[in-house]
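Commentary on secondary and tertiary structure
Below, each chain spelled out in residue letters.
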Amino acid sequence: MLKWGVLAVALAVSNPAMAQRAEPVDLDMVSKIRQEAFHRSQVMDTFSHLTESIGPRLTNSPAMAQANAWTRGKFSEWGLSNVHDEAFDDFGRGWEFTSARVEMLGERVQPLHALPKAWTPGTNGPVEGELVQVDIKKLADLEKYKGTLRGKILLLGEAREYKRGTEADSHRHDATSLEGLQEFTLPKNAAAEKEKRVKEYTERQALAKATNAFFVEEGALAAISISGWDNGIIRVAGGGSRRAGESAGIPELAMISEHFNPLVRALSNKQAVKLRVDVAARFTDDSNQPGYNTLAELRGSSKADEVVMLGAHMDSWHTGTGAADNAAGVAVMMEAMRILKAVGAKPKRTIRVALWSGEEQGLIGSQAYVAKHFAQFPEPTDPAQKALPASLREPTGALVKRRDYDKFSVYFNMDNGSGRFRGIYAQENLAAMPVFEAWLKPFNDVGATTVASRNTGSTDHISFDRVGLPGFQFIQDKLDYFSNVHHSHLDTWDHAEPEDLKQAAAIVASFVYNAATRDDLFPRKTQKGDGGD
Ligand SMILES: [Zn+2]
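All values reported here derive from a predicted model rather than from experimental measurement. Residue numbers run consecutively from 1 along every chain, following the written order of its sequence. In keeping with the model being predicted, local features are shown solely for residues with a pLDDT of at least 70 and side-chain atom pairs are shown and tallied solely at 80 or more, while totals for entire chains, interfaces and linings include all residues. Each side-chain value is derived from all of the structure's non-hydrogen atoms; neither hydrogens nor water enter the calculation.

Before going further, it helps to spend a moment on the overall build of the protein chain. Put simply, DSSP H or I for four residues or longer makes a helix, DSSP E for two residues or longer makes a strand, and each gets a number counted from the N terminus. Each helix and strand in the protein chain was counted, giving 13 helices and 20 strands. Radius of gyration means the value over C-alpha atoms here, while the globule rule gives 2.2 Å times the residue count to the 0.38 power. Its C-alpha radius of gyration of 25 Å places the protein chain within 12% of the 24 Å reference for a compact globule of 533 residues. The dimensions of the protein chain, computed from C-alpha atoms along their principal axes, are 80 × 50 × 45 Å. Each residue is placed in one exposure class: buried if its accessible area under a 1.4 Å probe, protein chains only, is under 20% of its type's maximum, exposed if it is over 50%, and partly exposed if it falls in between. Across the 533 residues in the protein chain, those meeting the buried criterion constitute 54%. In what follows, a contact means two residues having at least one pair of non-hydrogen atoms within 4.5 Å. Nonlocal contacts in the protein chain, meaning residues at least 24 apart in sequence, comprise 84% of its contacts between residues at least 6 apart.

Have a look at this one:
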C-alpha cells in the first residue's frame, strides 16, 4: 500500500526556480479519516444536541454554560486530554428570554411577530400603550421627543419598501464562481475605509447609549424596530448593554417588516394604534462575569510542545438555535477531533481544539486566548482607542510575543454557515497555497478544489492573523446563509445538510493531521510590527 503518496504541485513548470518542493500527504491516513467521517459519522448527533437539546447559546447565558459542560463531557468521553474551560475576563452579564408576545388591540386583536433584542429588559408582565413613531438618526433628534413618550410604545424608524425576490435564495458555488474567487482585488484606500468605520462605530455607540438612557428617563414602555430582512424573517442581534452599570434601555423588539410597515402606514393615516407587549426576559447576573472558551487536545508525540489548532465559536444569537452560526462549525471541529482519535492518529505536534465564546460581540474569546497564549499588541492608553473593539484599533507599539508564539503552527476555523467546503482562503499567505493544494487534492472528488489567495474576515481566525500567526477559513457553499439564516430566528437545524457537515469534518481532520505531521511549522507571512519569519 502506498504509504506516502506524493502529490507534487508544480506552481510554475516553465520556471524551475519557482517550483515548489512537493508537499507529502499520508494518503493511508486520509483514507482512514474519510472512512470514519463518511461511513461512521457522528457529526449530526453533535449538531442536533447543540441546536435542539441545548438551543441558542448567547454568550454567558445559562445555555452557553450548558454547552461548555456538554462539549467538555464529549471530549472526555472520546478520550481527549487537557479538557477544560478557560476564562476570559469581564465579558459582562448573561441574559435570556423565554417568551415574547406583541398584539395590536382593537375590534380585532392581531398577533404581530417580533422577538426581543438581546440584553434588553423584559416588560414584567403585559403592558399596553399607544403606539408613536419615533425617528432618531442623531443625538439632536432626542430633544424633539422630550416629555412626549411616557406610557407610550415606540415604533422606531421608518417603513422599508418591500424588496421582491428575483433570484434563488440558496446558492452553491459553480465553476465560474469558484474561478472568480481566485482573483485578488488590491485594497483601495484602506486607511480611509478604516477611519470611516471607526467614525461610524463611535457615533452609533454614542447614539445607542444616549437613546437607551433617554427612553428610560422618559418612561416609554417598549420599543419596536424593523427586522433587517423581509419575508417574515426576524433578524435581530443585541440592544441595551450587557455591561453592569450601563443602561439596558427599555424592552425592545425587532418585528417582521410585513407587520412593521402596516403600523407605520396606520400612524401616517392618523389612525390611533394601541399595542400590548409582553416580554419575559432577564439578566442572569448582577455583575460583569468572565466568559469561557472550551478546549481539548490530542497530545503530540515527538513535537508535543508545538501546536496546531482548530476551532469555531460556540456562542450564538438568541432567536434561532444557533445552527448554521455556529453549531455547524462546532460540530465539525468536534467531529474532526473524534475522527482523529477513532482512527488512532498519532500526530507529532499537539492538536488543540477551541470552542470560542463572545465571537458575536467582537471575537472576544479568541482574541483573549491568543493574547494570553501567543501574542498581543500593547493595550492602548488613548481612551478613544480603548473604547473601540480590537478589530478597529490601531496596533500600539511592537507585538508582545509569549513563549508559545514560536511553537504555534496554524489555526483552522469554520464560521461561514453549514455549507460544503469548496476550498480555502489563503489570507495572502502565498507560501500556504501549494501546501493547501496538496492537502485538498484527496478531497477534489467531494467538491473541495479551490485555493484562493484572498482574505476572508470577520471571525475568529482573524485573532490569529492579526498577530502574524497563520489562521484560515474554508471557502463554503453559501446555501441560504445570507438570505434566510444569518442572525435570524430561522437559524435552525433544517437549514443544514448532513452530507456537507460530514465532508467538512473529513477535510478539517485531514488538514490538522497534515499540519501536525509535516516536517516544518506552517509558513507565516510577514507582519507589520514583526520582523517576519
Ligand atoms: Zn458566526
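So much for the structure itself; the text now carries on.
Moving residue by residue along a regular strand, the side chains alternate between the two faces of the sheet. With burial as the criterion, each face of strand S10 (residues 252–255) is covered, one bearing Glu252 and Ala254 and the other bearing Leu253 and Met255. Only when DSSP finds a minimum of two bridges between them are two strands counted as paired. Judged from the three bridges that link them, strand S6 (residues 114–116) and S10 form a sheet pairing that is antiparallel. The residue of S10 that forms the bridge with Ala114 is Met255. Pairing of strand S9 (residues 222–226) with S10, which is carried by four bridges, proceeds in the parallel orientation. Paired with Ala223 across the two strands is Glu252, which belongs to S10.

Within a beta sheet, neighbouring strands are joined by backbone hydrogen bonds and run either parallel or antiparallel to one another. What the eight strands build is an open sheet, ordered S5-S4-S11-S7-S8-S9-S10-S6; its pairing is mixed. Only two strands of the sheet have a single neighbouring strand rather than two, namely strand S5 (110–112) and S6. Neighbour-to-neighbour, the strand axes of this sheet turn through a mean angle of 35°, independent of strand direction. Note on definitions: angles span 0 to 180 degrees between N-to-C directions of axes, and those axes are lines fitted to C-alpha atoms, for helices only across the stretch in contact.

Approximately 490 Å³ is the volume found for the second largest pocket. Considering the residues around the second largest pocket, the lining is formed by 22 residues, among which Lys163, Gly165, Asp169, Asn231 and Ser483 are closest to the centre. Polar here means any residue outside two lists: the nonpolar Ala, Val, Leu, Ile, Met, Phe, Trp, Tyr, Cys and Pro, and the charged Asp, Glu, Lys and Arg; Gly therefore counts as polar. Considering only residue class, the lining of the second largest pocket consists of six nonpolar, seven polar and nine charged. Both site types are read off a 1 Å grid over the protein atoms alone. A 1.4 Å probe that fits but cannot get out defines a cavity, while an open set with protein on both sides within 12 Å along at least five of seven lines defines a pocket; lining residues have an atom within 4 Å of a point. Grid points are joined across faces, edges and corners, and a volume is the space filled by probe spheres set on the points.

On to the coordination of the zinc ion, then. Donor atoms: N, O and S within 2.8 Å of the metal, or within 3.2 Å for Na, K and Ca. Because water is excluded, sites can look incomplete. Within the first shell, the zinc ion binds the protein through His313 (NE2), Asp325 (OD), Asp415 (OD) and Asp415 (OD), at distances of 1.9 to 2.6 Å. Donor residues binding the zinc ion come from one chain and are separated in sequence as H-x11-D-x89-D. Here Asp325 is found in helix H7 (residues 323–342), whereas its partner Asp415 is found in the loop between strand S17 (408–413) and strand S18 (421–425), with 90 residues between them in sequence. Classification of Asp325 as buried rests on a relative accessible area of 3%.

A sheet is described by the order of its strands in space; here eight strands give the open sequence S3-S12-S14-S13-S17-S20-S18-S19, paired in mixed fashion. Two strands lie at the open edges of the sheet, namely strand S3 (81–92) and strand S19 (450–452), each paired on one side alone. Averaged over all pairs of adjacent strands, the angle between their axes in this sheet comes to 25°, without regard to strand direction. The pairing of strand S12 (residues 289–298) with strand S14 (residues 349–356) spans five bridges and is antiparallel. Each residue of the ladder has a partner; that of Thr294, found in S14, is Leu355.

Turning to the pattern of salt bridges, a few remarks are in order. A pairing counts as a salt bridge when a side-chain nitrogen of Lys or Arg comes within 4 Å of a carboxyl oxygen of Asp or Glu. A complete count under the given rule lists 36 salt bridges for this structure. Here Glu218 ties to Lys146 by a salt bridge, and the two come within 3.8 Å at their closest N and O atoms. Pair noted here: Glu218 is in helix H5 (residues 190–218) and Lys146 is in the loop between strand S7 (127–134) and strand S8 (153–156), with a separation of 72 residues, a long-range link. Taking the relative accessible area as the measure of exposure, Lys146 reaches 45% and is therefore partly exposed. A salt bridge links Arg338 to Glu335, with the shortest nitrogen-to-oxygen separation between them at 2.9 Å. Of this pair, Arg338 and Glu335 both sit in helix H7, three residues apart, which is roughly one turn of the helix. Each member of the pair Arg338 and Glu335 is classed as buried. Members of the salt-bridge network, linked through shared partners, are Arg101, Glu103, Glu128, Lys274 and Arg276.

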